[in-house]
Amino acid sequence: MLRNRLAIVLLTALAPAIWGSTYLVTTELLPPGRPLLAGVLRALPAGLLLIALTRRLPTGSWWWRSLVLGALNIGAFFALLFVAAYRLPGGVAATVGAVQPLIAAGLSAALLGDRLSPRTLLSGTAGVAGVSLLVLRAGAQLDALGIVAALGGAVVMATGVVLSKRWTSPAPLLATTGWQLTAGGLLLLPVAFLVEGPPPSHLTGANLLGYGYLSLIGAAVAYALWFRGIRALPPTSVTFLGLLSPVVATALGWLVLGQDLSPVQALGALIVLGSLVAAQTQRPRTPSGTVTGPPVGVPSDHSGRPTNDRTRQSA
């Protein structure tokens, strides 16, 4: 069971590691000044591809649930990320976004009945401190709207993760992933058109390669791994893995772009990794303090109780 859990954690961790490469791909391959277009082309083609491959459409309540989850995990998150990126230095935006595990822990306690432990709070605080050491620069300018947008992005993503755990889809994983990517991309499409105008009339081969990578790898593959992790792991554990993104982004900047890596940044990366290990090695407990959960891979509802297929269909 421990080996199975470790394998799921490592596979889930691939998603934020892939997302950490987004900065490198965006700066080196994509046309400048079109982040919302990148969000649309990242989500919508990948979602439509997964729907075509699985040949499954939502049924019943999953029409509106897919819209809500797609808005939270994809559409609203990308839009808020765009506002934060434009109004804040990248280090400030990443540091504010690092509070996401703490928000997810609070929502899990309120909506799923998970216990909010001191270890989770300490790990979350250490994660924020580690990210700040990794990416925050002295003299960074603060902007009220940018801070609100960055915090809003953390809130909507954390809410999306917790609701994805609460609402267990009866459909295959790739189909559910496709629904959310499509919904998020469609919601983001008019925003991108209004803010950035129509797409560029000419795209280079490098542009197409970058968009293709973001759609196939950064969305279809990464979000499938992410949502699989949400199904199998506590939502707080999953959101802690998201702290890998700034670590990978910094490492790629150092290895590929030749950017400096200071001892303080290295210390921040070690603190982030330590907070991740602490969060993943904590066993989930119920409010009464007893260890919960069936073996990893056994279907369960949001409270951790094993379920049969009928229960999953009604979730």
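Parameters and conventions
- Residues numbered from 1 in each chain as written.
- Predicted model: local features only at pLDDT ≥ 70, side-chain atom pairs only at ≥ 80, totals over all residues.
- Heavy atoms only, no water.
- Helix = DSSP H or I, 4+ residues; strand = E, 2+ residues; numbered from the N terminus.
- Buried < 20%, exposed > 50% of the residue type's maximum accessible area, 1.4 Å probe, protein only.
- Contact = heavy atoms within 4.5 Å.
- Areas by Shrake-Rupley, 256 points an atom, 1.4 Å probe, with all protein chains shown as cover.
- Phe/Tyr/Trp six-rings, centres within 6.5 Å; stacked < 30°, edge-to-face > 60°.
- Patch = residues over 30% accessible without salt bridge, like charges linked within 9 Å, V, L, I, M, F, W, Y side chains within 5 Å.
- Salt bridge = Lys/Arg side-chain N within 4 Å of Asp/Glu carboxyl O.
- Axes fitted to C-alpha atoms, helices over the stretch in contact; angles between N-to-C directions.
- Parallel < 35°, antiparallel > 145°, perpendicular 65-115°, else oblique.
- Left-handed = near helix turned anticlockwise from the far one by under 90°.
- Nonpolar A, V, L, I, M, F, W, Y, C, P; charged D, E, K, R; others polar.

A. Representation of the overall build of the protein chain in the model. Counting its regular elements, the protein chain contains 14 helices and zero strands. In sequence order, the secondary structure elements of the protein chain are arranged as α-α-α-α-α-α-α-α-α-α-α-α-α-α. Counting only residues that meet the buried cut, the protein chain has 48% of its 315 residues in that class. At a minimum sequence separation of 6, the contacts of the protein chain that also span at least 24 residues come to 87%. Put simply, the protein chain shows about 14900 Å² of open surface, and 69% of that area lies on carbon and sulfur atoms.

B. Structural context of unusual backbone geometry. One non-glycine residue, Arg 55, adopts positive backbone phi at about 55°. By the element assignment, Arg 55 lies in the loop between helix H3 (35-54) and helix H4 (62-87).

C. Quick look at the packing of aromatic side chains. A full pass over the atoms with the stated rule returns six aromatic pairs. With a centroid separation of 5.3 Å and an interplanar angle of 80°, the aromatic rings of Trp 64 and Trp 167 are classed as edge-to-face. Separated by 103 residues along the polypeptide, Trp 64 in helix H4 and Trp 167 in the loop between helix H8 (144-166) and helix H9 (173-196) bring together distant segments of the chain. Judged by its relative accessible area of 46%, Trp 64 is partly exposed.

D. How the structure looks around a nonpolar patch on the surface. Side chains of Tyr 23, Trp 254, Leu 255, Val 256, Leu 257 and Leu 261 sit close together on the surface and give an oily, nonpolar patch of about 600 Å² of accessible area. Of note, Leu 255 is situated in helix H12 (residues 244-255). Exposure remark for Leu 255: the relative accessible area of 61% places this residue in the exposed category.

E. Just the packing of H3 against helix H10 (residues 205-232), in detail. Running from amino to carboxyl end, H3 crosses H10 at an angle of 60°, the nearest separation of the two axes being 8 Å. Comparing their axes, H10 and H3 come out oblique. The handedness of the crossing between H3 and H10 comes out as right-handed. Residues Leu 37, Ala 38, Leu 41, Arg 42, Pro 45, Ala 46, Leu 49 and Leu 50 of H3 touch H10, and the partners they reach there are Tyr 211, Leu 214, Ser 215, Leu 216, Gly 218, Ala 219 and Ala 220. Of the residues assigned to the contact of H3 with H10, the class counts are twelve nonpolar, two polar and one charged.

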